[in-house]
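# A closer look at the structure
One-letter residues, chain by chain:
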Amino acid sequence: MSTSIRRIGVVGGGQMGAGIAEVCARAGLDTVVCETDATSARAARERVAVSLERAVQRGKMDRISAEDAQARLLFTGDLDDLADRQLVIEAVVENAEAKIEVFTALDKIVEDHKAILATNTSAIPVMRLGMATGRADRVVGLHFFNPVPVLPLVEIVTSLHTSDRVAAVTEEFVRDTLGKTAIRSQDRAGFVVNALLVPYLLAAVRMAESGFATATDIDEGMVLGCAHPMGPLRLADLIGLDTVAAIAESLYDEFKEPLYAPPPLLQRMVQAGMLGRKTGRGFHAYGRD
């Protein structure tokens, strides 16, 4: 049962990985975060510490709870430190080869063959990652949304190999241990949310690219005219334009529908390093913290 999952591993301590680790630690779980090296591991630790402090300052949690959560977190640059984990969640860059490399390594490192290996991919087929291991029946998609500590949804994605038992245990873990809402999706590019969201974001990019309207006017139109909490181009900046482009490419590769093709402007911005909030400039400009 999911209530027995107490030892969590997270591979990748970036925006998503740090958020997943924070949520797990806040749920009382022993959580190990693995980054590529000690320097990146320290950066991941700081990322979580800043987020927890922000939660305290906003009255979302008390300081003792924040300190307890930090005490449950271990940050490392050595993948071998995940050997005793019961659930490992991969949250590295949205690149199939990079993720396959992680899953191949985890299959050899994680000792308990009853352990669940999960991916936070936005669009890469879960089955492809599972086939990189000798335990494809225990590989599942756990797609969290940014910012992880705030947004309540997790998509559970099962491949043709994922066992019904693993899917049930994972859903129970998400719902009862993490306190989030779980929805199920088939293992198709984009799953439920991104298959609907990304064409909308790409349509906004094409509108800006054509000169039909400015980025500010496009965003204000959707916020003030459609009651969206955030305009599509600001949302794309928040997600990361490189991530949006990667999801679009995965969707287009699978479905071959023109609405999924990443527009040239989006590709050029990624090539230029204009990735949105995380670089300080995307469709809008942002002050760097």
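Up top you'll find the structure we're talking about.
This structure is a prediction, so every number in the text was calculated from the model and none was measured. Numbering of residues starts from 1 in each chain and follows the order in which that chain's sequence is written. Only residues with pLDDT of at least 70 get local features here, since the model is predicted, and only at 80 or more are side-chain atom pairs given and counted; chain-wide, interface and lining totals rely on the full set of residues. Side-chain measures were taken over the full set of non-hydrogen atoms in the model, leaving aside hydrogen atoms and water.

Residue Pro147 follows Asn146 across a cis peptide bond; omega there is 0°. As for its position among the elements, Pro147 is in the loop between strand 6 (139-144) and strand 7 (153-158). A positive phi angle is found at Ala227, which is not glycine, with a value near 60°. Every helix listed is a DSSP run of H or I at least four residues long, and every strand listed is a run of E at least two residues long, numbered separately from the N terminus. The residue Ala227 is located in the loop between helix 8 (215-226) and helix 9 (232-239) in this model. Backbone geometry places Lys256, a non-glycine residue, at a positive phi of 55°. Note that Lys256 resides in the loop between helix 10 (241-255) and helix 11 (264-271).

Another point: the side chain of Ser51. Inspection of the secondary structure assignment puts Ser51 in helix 2 (residues 38-57). The contact criterion used is simple: two residues touch if any of their non-hydrogen atoms lie within 4.5 Å. Ignoring anything within four residues of it in the chain, the contact list for Ser51 reads Glu22 and Pro149.

Once that is clear, we can look at the nonpolar core. Counting residues in each nonpolar core, the largest one holds 39 residues, and the members touching the most others are Ile8, Ile20, Leu87, Ile89, Leu142, Phe144 and Phe173. Residues contacting Ile8, with those up to four places away along its chain left out, are Cys24, Leu29, Asp30, Thr31, Val32, Arg85, Leu87, Ile89 and Phe173. Core analysis: the second largest hydrophobic core is formed by 23 residues, Ala123, Ile218, Leu266 and Phe283 among them. Here, the term nonpolar core denotes a set of buried Ala, Val, Leu, Ile, Met, Phe, Trp, Tyr and Cys residues that are joined through side-chain atoms within 4.5 Å. With a 1.4 Å probe rolled over the protein chains alone, any residue whose accessible area is under 20% of its type maximum counts as buried; one over 50% counts as exposed, and the rest are partly exposed.

Turning next to the packing of aromatic side chains. Side-chain rings of Phe, Tyr and Trp (the six-membered ring for Trp) are treated as a pair once their centres are within 6.5 Å; stacked means planes under 30 degrees apart, edge-to-face means over 60, and tilted covers the remaining angles. For the structure on display, the rule yields one aromatic pair. Where Phe255 meets Tyr260, the ring centres are 5.5 Å apart and the plane angle is 40°; that geometry is what we call tilted. Taking relative accessible area as the criterion, Tyr260 reaches 12% and is therefore assigned buried.

It is worth spelling out the pattern of salt bridges at this point. A carboxyl oxygen of Asp or Glu within 4 Å of a side-chain nitrogen of Lys or Arg is what we treat as a salt bridge. According to the stated counting rule, one finds 13 salt bridges in the structure shown. For Arg85, the salt bridge goes to Asp30, with nearest N and O atoms at 3.3 Å. Within this pair, whereas Arg85 is found in the loop between strand 3 (73-76) and strand 4 (87-90), its partner Asp30 is found in strand 2 (residues 30-34), the two being separated by 55 residues in sequence. For Arg175, the salt bridge goes to Asp176, with nearest N and O atoms at 3.0 Å. The network of salt bridges with shared partners includes Arg7, Asp30, Asp84 and Arg85.

This paragraph deals with a nonpolar patch on the surface. Among the surface-exposed residues, Met127, Met131 and Leu160 lie close enough to one another that they form a single nonpolar patch of about 350 Å² accessible area. By relative accessible area, which is 31% here, Met127 ends up partly exposed. Patch membership needs two things, relative accessible area over 30% and no salt bridge, and members are linked within 9 Å if like-charged or within 5 Å if nonpolar (Val, Leu, Ile, Met, Phe, Trp, Tyr). Using a 1.4 Å probe, accessible areas were evaluated by the Shrake-Rupley method; residue-level cover was limited to the displayed protein chains.

Right, let's get into empty space enclosed by the protein. The rule is simple: put a 1 Å grid over the protein atoms alone, call a set of points where a 1.4 Å probe fits but cannot get out a cavity, call an open set with protein on both sides within 12 Å along at least five of seven lines a pocket, and count a residue as lining if it has an atom within 4 Å of a point. Grid points are joined across faces, edges and corners, and a volume is the space filled by probe spheres set on the points. This model, assessed by the stated rule, comprises one cavity of 30 Å³ or more. Its boundaries defined by the atoms lining it, the largest cavity holds a volume of some 30 Å³. Lining the largest cavity, in full, are Gln15, Asp237, Leu238, Ile239, Gly240, Leu275, Arg277 and Lys278. The greatest single-element share of the lining of the largest cavity, amounting to three residues, is contributed by helix 9.

What follows deals with the pairing of strand 8 (residues 181-186). A pair of strands is labelled paired if DSSP reports no fewer than 2 bridges between them. Sheet topology note: the strand 7/strand 8 ladder contains six bridges and is parallel. Residue pairing across strands places Leu153 opposite Thr181, the latter belonging to strand 8.

Here, axes are lines fitted to C-alpha atoms. For helices the fit covers the stretch in contact, and angles between N-to-C directions go from 0 to 180 degrees. One way to put it is that helix 7 (residues 193-210) packs onto helix 9 with a least axis distance of 9 Å and a crossing angle of 115°. Judged by the inter-axis angle, helix 7 sits roughly perpendicular to helix 9. As for how helix 7 packs across helix 9, the hand of that crossing is left-handed. Contacts from Leu197, Tyr200, Leu201, Ala204, Val205 and Ala208 in helix 7 reach Pro232, Leu233, Leu235 and Ile239 in helix 9. Angle categories: roughly parallel below 35 degrees, roughly antiparallel above 145, roughly perpendicular from 65 to 115, and oblique for all the rest. Take the far helix as your reference; a near helix turned counterclockwise from it by less than a right angle gives a left-handed crossing, and one turned clockwise gives a right-handed crossing.

This part covers the sheet that holds strand 1 (residues 7-11). Read across the sheet, eight strands follow the order 3-2-1-4-5-6-7-8 without closing on themselves; strand pairing throughout is mixed. The open sheet terminates on both sides in strands that have one partner only, identified here as strand 3 and strand 8. Each strand of the sheet is rotated relative to its neighbour by a mean of 25°, with strand direction disregarded. Two elements, strand 1 and strand 4, share four bridges in a ladder whose sense is parallel. Looking across to strand 4, one finds that Val11 is bridged to Glu90.

Another point: helix 8. Counting along an α-helix, one turn takes 3.6 residues, and residues three or four places apart therefore face a common direction. Expected span, for any helix, means 1.5 Å times one less than how many residues it has. Helix length check: helix 8, at twelve residues, gives a terminal C-alpha distance of 16 Å against a target of 16 Å (1.5 Å per residue), a fit within 8%. Within helix 8 the residues assigned to the buried category are Ala215, Ile218 and Asp219. Buried residues of helix 8, seen end-on, are gathered within an arc of 95° and therefore sit on one face of the element. For helix 8, the exposed residues lying more than 90 degrees away from the buried face are Leu224 and Gly225. Here the buried face of helix 8 lies against helix 7 and helix 9. One or two positions beyond helix 8, positive phi appears at Ala227, with a value near 60°. Taken from the helix axis, the directions to the C-beta atoms give the arc we talk about.

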